[in-house]
Amino acid sequence: MKTFKSTACAAAFLAFGATATNAAPINLVQNGGFETTSVTHSSPLALTGALTQSVVADWQVWAPGGYNYSLVYFPGEATTTGALGISNGLNPNPAVLWAAADSPDGGNFIAIDGDSTVTNVLSQTIHGLTVGQQYDLSFDYAGAQFNVRDGATTEGWLVGFGAAQQTTTVLSNANHGFTGWFKSEMQFTATSTDQLLSFMAKGTPDGFPPVSLIDGVSLTEVPKVAEVPEPASIALMALGLIGLGVSRRSQRTSKAASAV
């Protein structure tokens, strides 16, 4: 009887487990926290012209409109050391940000000039996609300002995934201010097995410039709805439950007989 009971329990467990197991989501973005770089502290200049460059592993920065500022900041340096080594009219200490805090994701983060006249695109090609599959995109973002600039600004991001585009909520930043970090969540559908994921800084007014920050980029498959157990699984589960009931009733009967 013990053998039958164990077999019944195992059958019920296996039938349930076959439909309830879910794998943890896998982030398809490489180096989504911008931790792997080829630059050192106090000199994280990412772009100095309209050429495609990459100092952050797995990411590219392209300025289709011409010269622009794209910088990587190390923890605790945004308001002190900043990204020294970039000048071009923004001296002294041009890349120090007013009141900016480290991101919730921790570690490095990226800052890009949102001037519309010379836009920058931060991008990465995502591989191994499933056509027709929906994907959840999430990232932290904020608005900031260089400490040699004045005036209120707005900041945000234009996000592209293949041909599809979405925009974040526009953040309003006070003079010499910092908006704080916000979480953006979007959903895209893959139309190819390999697609470009891109982020373009958007802000106002031109010339100041507004600075958009980003960190913690993650792209995962949208979880599928749990499947209804197949008839065979249901039957196996029912058999296991019936077996448990029979086993318990037999035990009670045996105990009663022993007592008599």
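A brief structural summary. (Residues numbered from 1 in each chain as written. Predicted model: local features only at pLDDT ≥ 70, side-chain atom pairs only at ≥ 80, totals over all residues. Heavy atoms only, no water.)

## Details of the sheet that holds strand 11 (residues 210-221)
Here comes step 1: Strand order in this open sheet of five strands is 2-3-11-5-9, and the pairing throughout is antiparallel. Single-partner strands in this sheet number two, and they are strand 2 (70-73) and strand 9 (182-189). If you compare each strand with its neighbour and ignore which way they point, the axes differ by 30° on average.
Here comes step 2: In this sheet, strand 11 lies alongside strand 3 (residues 109-113) in antiparallel orientation, the contact comprising four bridges. When the bridges of strand 11 are listed, Ile112 appears paired with Ser212. (Pairing = 2+ DSSP bridges. Helix = DSSP H or I, 4+ residues; strand = E, 2+ residues; numbered from the N terminus. Axes fitted to C-alpha atoms, helices over the stretch in contact; angles between N-to-C directions.)

## A look at the nonpolar core
Here comes step 1: Leu137, Phe139, Phe199 and Val217 are the most contacted members of the largest nonpolar core, which has 29 residues in total.
Here comes step 2: Broken down by secondary-structure element, the contributors of at least two residues to this core are strand 3, strand 4 (121-126), strand 5 (134-145), strand 6 (153-161), strand 9, strand 10 (195-204) and strand 11.
Here comes step 3: Looking at this core element by element, the count peaks at four residues for strand 5.
Here comes step 4: Other than its neighbours up to four places away in sequence, Phe139 contacts Trp157, Val159, Thr168, Phe182, Lys183, Ser184, Met186, Phe199, Ile214, Asp215, Gly216 and Val217.
Here comes step 5: The next biggest cluster of nonpolar side chains, apart from the first, holds 16 residues, and it includes Leu71, Ala78, Ala95 and Ala142. (Core = buried A, V, L, I, M, F, W, Y, C linked by side-chain atoms within 4.5 Å. Buried < 20%, exposed > 50% of the residue type's maximum accessible area, 1.4 Å probe, protein only. Contact = heavy atoms within 4.5 Å.)

## A few points about the pairing of strand 10
Note on strand geometry: in a regular strand, side chains alternate between the two faces of the sheet.
Here comes step 1: The element strand 10 is extensively covered by neighbouring structure, given that seven of its 10 residues are classed as buried.
Here comes step 2: Relative to strand 10, strand 6 runs antiparallel, the two being bridged by eight bridges. Bridge pairing in strand 10 places Gly160 opposite Ser198.

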